[in-house]
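Each chain, letter by letter, is given below.
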Amino acid sequence: MTTTPTIEVLREYYAGKQFEFGWASLCWMNLPDNLEGLKVLDIGCRRGKGVFKLSDRVGARGRAVGVDWCEDYIREAQERCTRAWQHTGLPENNMAFAVGYPEDLAAAGMADASVDVVYINSVINLTYDPAASLAECARVLKPGGLLVVEAVTANVPRDAQVLQQARAMGNSVQSAPLAADFAAWLAAAGLAVERTFEEHEVFADSGYKPDYQAPCVETAEQVTFTAGVFHARKPL
């Protein structure tokens, strides 16, 4: 059973971790076509750009919610929210933002079985506890709800020291877990993978755009990294 870390532990871990301009800045948002009327949660929403896109896709009867641990990001998202809403042409603002940690969404006001779709980008490998984060995604999903997670996985067991250093510098490629471990985390959360796509090889220094080289750990590790989009369903 996954145990939720204490707020004190999470606050200490995430303090100052903005992961700016790393691989985590990539945001494919490979979501189902029909989100009309649904409630969608974007975890690690940063400055709200993804939520602004979701607002239009869920429409007037839907709801788009963004959660991020960085108070400055959430403040900026809230400041930009009104203009983003006006651009959609919707009669009312259907967006909300809250400060919170992926491992403790309850602190951000997210109740059990309250969300139709959860989206979490490639920042999952940099969370304090990826397994606990995925368990929280499952908790807030309604029965039959969908988790969309963009993630990088590795083909061999990882060197613990390299993982620790890569996570500290915000490199979510080089901090990738073994693919079997990632699958086990999803299964432990009670989520069944129904589709995996957009799979392609990435490298330890892959950045958020082709001409950006991300800082990485020097190592002799022989590992192949694969980026992909996972759709996992919570059983009815």
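Structure: see above.
Reading the values: the criteria
Residues numbered from 1 in each chain as written. Predicted model: local features only at pLDDT ≥ 70, side-chain atom pairs only at ≥ 80, totals over all residues. Heavy atoms only, no water. Helix = DSSP H or I, 4+ residues; strand = E, 2+ residues; numbered from the N terminus. Rg over C-alpha atoms; globule rule 2.2 N^0.38 Å. Buried < 20%, exposed > 50% of the residue type's maximum accessible area, 1.4 Å probe, protein only. Contact = heavy atoms within 4.5 Å. Lys, Arg positive; Asp, Glu negative; His and termini not counted. Charge placed at Lys NZ, Arg CZ, Asp CG, Glu CD. Pairing = 2+ DSSP bridges. Right-handed = clockwise from strand over helix to strand, strands pointing away. Phe/Tyr/Trp six-rings, centres within 6.5 Å; stacked < 30°, edge-to-face > 60°. Salt bridge = Lys/Arg side-chain N within 4 Å of Asp/Glu carboxyl O.

> Could you clarify how one ought to interpret the overall build of the protein chain in this entry?
Regarding its fold elements, the protein chain presents 6 helices and 7 strands. Relative to the compact-globule value of 18 Å for 236 residues, the protein chain shows a C-alpha radius of gyration of 17 Å, a close match. The C-alpha extent of the protein chain, read off along each of the three principal axes, is 55 × 40 × 35 Å. Residues classed as buried in the protein chain amount to 52% of the 236 residues present. By sequence separation, contacts in the protein chain at least 24 residues apart represent 81% of the contacts at least 6 residues apart. Across the protein chain, the mean location of the 21 positive side-chain charges is 6 Å away from that of the 30 negative side-chain charges.

> How do you make sense of the pairing of strand β5 (residues 141–154) when you look at a structure like this?
Working note: regular strand, side chains alternate between the two faces of the sheet. Counting buried positions over the 14 residues of β5 gives 11, a clear majority of the element. Here strand β4 (residues 115–120) pairs with β5 via 5 bridges, running parallel. Of the residues in β5, the one forming a bridge with Val118 is Leu147. Traced from β4 through helix α4 (residues 130–140) to β5, the parallel crossover comes out right-handed. Direction of pairing for β5 relative to strand β7 (residues 225–233): antiparallel, over a ladder of 9 bridges. What sits directly across from Ala154, in β7, is Phe225.

> Got a minute to help me understand the packing of aromatic side chains in this structure?
Under the defined criterion, the tally for this structure stands at 8 aromatic pairs. Measuring from ring centre to ring centre gives 5.0 Å for Phe182 and Phe230, while their planes differ by 55°; the resulting arrangement is tilted. Placement of the pair is Phe182 in helix α6 (residues 179–188) and Phe230 in strand β7, with a sequence separation of 48 residues. By relative accessible area, which is 1% here, Phe182 ends up buried. Looking at Phe230, the relative accessible area reads 11%, which means it is buried.

> Sorry if this is basic, but what is going on with the pattern of salt bridges here?
Following the criterion strictly, the structure yields 7 salt bridges and no others. Of the charged contacts in the structure, one is a salt bridge between Arg158 and Glu221, with a shortest N-O distance of 2.8 Å. A residue pair is termed long-range when its members are at least 10 positions apart, and Arg158 in the loop between β5 and α5 (160–169) and Glu221 in the loop between β6 (192–202) and β7 qualify at 63 residues. For the pair shown, Arg158 and Glu221 are each scored as buried. In this structure, Arg233 and Glu194 form a salt bridge, with 2.9 Å as the shortest nitrogen-oxygen distance. Separated by 39 residues along the polypeptide, Arg233 in strand β7 and Glu194 in strand β6 bring together distant segments of the chain. The exposure class assigned to Arg233 is partly exposed, which follows from its relative accessible area of 31%. The exposure class assigned to Glu194 is partly exposed, which follows from its relative accessible area of 47%. Each member of the salt-bridge network shares a partner with another, and the members are Asp112, Glu136 and Arg139.

> I tried to follow helix α2 (residues 49–58) on my own but got confused; where do I start?
Because an α-helix packs 3.6 residues into every turn, residues spaced three or four apart end up facing the same way. Among all positions of α2, only Gly50, Val51, Phe52, Leu54, Ser55 and Val58 are buried. Elements that come into contact with the buried residues of α2 comprise β1 (39–43), β2 (63–68), α3 (71–88) and β3 (95–99). Two residues or fewer past α2, Gly59 is found with a positive phi of approximately 75°.

> Whenever I open this one, unusual backbone geometry confuses me. Can you help?
Comment: phi is negative for the bulk of residues other than glycine, and the bulk of peptide bonds are trans. Positive phi values are uncommon outside glycine, yet Arg46 reaches one of about 55°. Mapped onto the elements, Arg46 comes out in the loop between β1 and α2. Positive phi is not limited to glycine here, since Glu198 has a value of about 55°. Mapped onto the elements, Glu198 comes out in strand β6. The class for Glu198 is partly exposed, based on a relative accessible area of 43%.

Honestly, that's just the spatial picture; any functional story needs more than this.
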